[in-house]
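# Coordinate analysis (summary)
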Amino acid sequence: MDTSRRKNIAVFLDRDGTLNQDSGYVTVPEQLILFSGVPEALARLNQLGVQVILVTNQSAIGRGWLTTEGLQRIHQRLADLLRVQGGSIDDVFFCPHRPDEGCACRKPEAAMITQAAERYSLDLSQSFFVGDKSSDLDAAHRAGVPGVLVMTSDYSEAALKARDEGQFSIAHVAQTFVHAVDWIESELLGRC
Ligand SMILES: [Zn+2]
């Protein structure tokens, strides 16, 4: 299969609550615990030839609980855990700001997505965003990226409710990240 034409398609991924357990702020690598099946599913995304881009709010940095170097160590652990199954993340965009700083990058703002779109010449309407929170789906919606909600955190139900109240639309609701990848895979293969 020719996957080269998917280089302008991204699958944006939220981190906490989507790939790993959201048990508060992750400030040391050992606190990053992936959900079951995530490395295998992520490797399947890589095989589709899309850009896999992490988009994460990390206000722990702005709060002084984590340094940029500390975040890089956490993402090195993430890369190590994914590599076991042959998977990798192509790029990481993070917002270090606190909510009260009013930046343009913290989700639900869309700047991290639009920056990625510029860097990789992405076709956002053909891309996907997988996340567990209203802020993820809202950011995706603002950027014109179809959103996939995973029901894997305490925030997922609230996102569903916000969708029902008309705050944003969601392209698909998946029980887990593995199910989200199943759906994205079938969507992309169906376009052939
Ligand atoms: Zn920011």
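A brief structural summary. (Residues numbered from 1 in each chain as written. Predicted model: local features only at pLDDT ≥ 70, side-chain atom pairs only at ≥ 80, totals over all residues. Heavy atoms only, no water.)

All right, on to the overall build of the chain then. Helices and strands together make up the secondary structure of the chain, namely 7 helices and 6 strands. From first element to last, N terminus to C terminus, the chain shows the α and β order β-α-β-α-α-β-α-β-α-β-α-β-α. Relative to the globule expectation of 16 Å for 192 residues, the C-alpha radius of gyration of the chain, 15 Å, shows essentially globular dimensions. Oriented by its inertia axes, the alpha-carbon framework of the chain measures out at about 45 × 40 × 30 Å. In the chain, buried positions account for 48% of the 192 residues. Total accessible area computed for the chain in this model is approximately 8700 Å², and 47% of it derives from carbon and sulfur atoms. Within the chain, the 25 negative side-chain charges are centred at a point lying 2 Å from the centre of the 18 positive side-chain charges. (Helix = DSSP H or I, 4+ residues; strand = E, 2+ residues; numbered from the N terminus. Rg over C-alpha atoms; globule rule 2.2 N^0.38 Å. Buried < 20%, exposed > 50% of the residue type's maximum accessible area, 1.4 Å probe, protein only. Areas by Shrake-Rupley, 256 points an atom, 1.4 Å probe, with all protein chains shown as cover. Lys, Arg positive; Asp, Glu negative; His and termini not counted. Charge placed at Lys NZ, Arg CZ, Asp CG, Glu CD.)

What follows concerns the sheet that holds strand 2 (residues 51–57). The strands that make up a sheet pair up through hydrogen bonds in the backbone, lying either parallel or antiparallel. Strand order in the open sheet formed by 6 strands is 3-2-1-4-5-6, and the pairing between neighbours is parallel. Strands at the two margins of the open sheet, each flanked by one partner only, are strand 3 (91–95) and strand 6 (172–174). With direction set aside, neighbouring strand axes in the sheet form an average angle of 20°. Pairing geometry for strand 1 (residues 10–13) and strand 2, over 4 bridges, is parallel. By the bridge assignment, Val 11 is partnered in strand 2 with Val 52. Sitting on the sheet, helix 4 (residues 111–120) is in contact with strand 1, strand 2, strand 3 and strand 4 (128–131), with an inclination near 150° to strand 3. (Pairing = 2+ DSSP bridges. Axes fitted to C-alpha atoms, helices over the stretch in contact; angles between N-to-C directions. Contact = heavy atoms within 4.5 Å.)

Relative to the helices and strands, Asp 16 resides in the loop between strand 1 and helix 1 (38–47). A relative accessible area of 12% means that Asp 16 is categorised as buried. Not counting the four nearest positions on each side in its chain, Asp 16 is found in contact with Asp 22, Val 26, Gln 58, Asp 132 and Lys 133. Looking at Asp 16, its side chain comes within polar contact range of the side chain of Arg 15, at 2.8 Å. Separated by 2.9 Å, the side chains of Asp 16 and Asn 20 make a polar contact. (Polar contact = N/O pair within 3.5 Å; in protein donor to acceptor, adjacent residues only side chain to side chain.)

Summarising the metal site, the zinc ion is bound by the protein donors Cys 95 (SG), His 97 (ND1), Cys 103 (SG) and Cys 105 (SG), whose distances to it range over 2.1 to 2.2 Å. In this structure, the zinc ion is surrounded by 4 donor atoms whose angles at the metal cover 102 to 118°, and the resulting shape is tetrahedral. A relative accessible area of 0% places Cys 95 in the buried class. With relative accessibility at 23%, the residue His 97 sits in the partly exposed group. (Donors = N, O, S within 2.8 Å, 3.2 Å for Na, K, Ca; no water. Tetrahedral: all angles 85-135°; square planar, octahedral: opposite > 155°, others 65-115°.)

The next subject is helix 3 (residues 68–83). In a regular helix each residue adds 1.5 Å, so 16 residues correspond to 22 Å; helix 3 covers 22 Å between its end C-alpha atoms and thus fits that length. Looking at helix 3, one finds that the buried residues are Gly 70, Leu 71, Ile 74, His 75, Leu 78 and Leu 82. Buried residues of helix 3, viewed axially, fall in a sector of 135°; they line one side. In helix 3, the exposed positions angled more than 90 degrees off the buried face are occupied by Gln 72, Arg 73 and Arg 83. (Expected span 1.5 Å × (residues − 1). Arc of directions from axis to C-beta.)

In this section: the packing of aromatic side chains. All told, the structure shown has 3 aromatic pairs when counted by the stated rule. Their ring planes at 80° and their centres at 4.9 Å tell us that Tyr 25 and Trp 65 sit as a pair that is edge-to-face. In this pair, Tyr 25 is assigned in the loop between strand 1 and helix 1 and Trp 65 in the loop between helix 2 (59–62) and helix 3, connecting sequence segments 40 residues apart. Centroid distance Phe 128 to Trp 183: 5.7 Å. Interplanar angle 85°. Geometry classified as edge-to-face. Of this pair, Phe 128 sits in strand 4 while Trp 183 sits in helix 7 (residues 177–190); the two residues are 55 residues apart in sequence, bridging distant segments of the chain. Trp 183 gets classed as buried once you look at its relative accessible area, which sits at 17%. (Phe/Tyr/Trp six-rings, centres within 6.5 Å; stacked < 30°, edge-to-face > 60°.)

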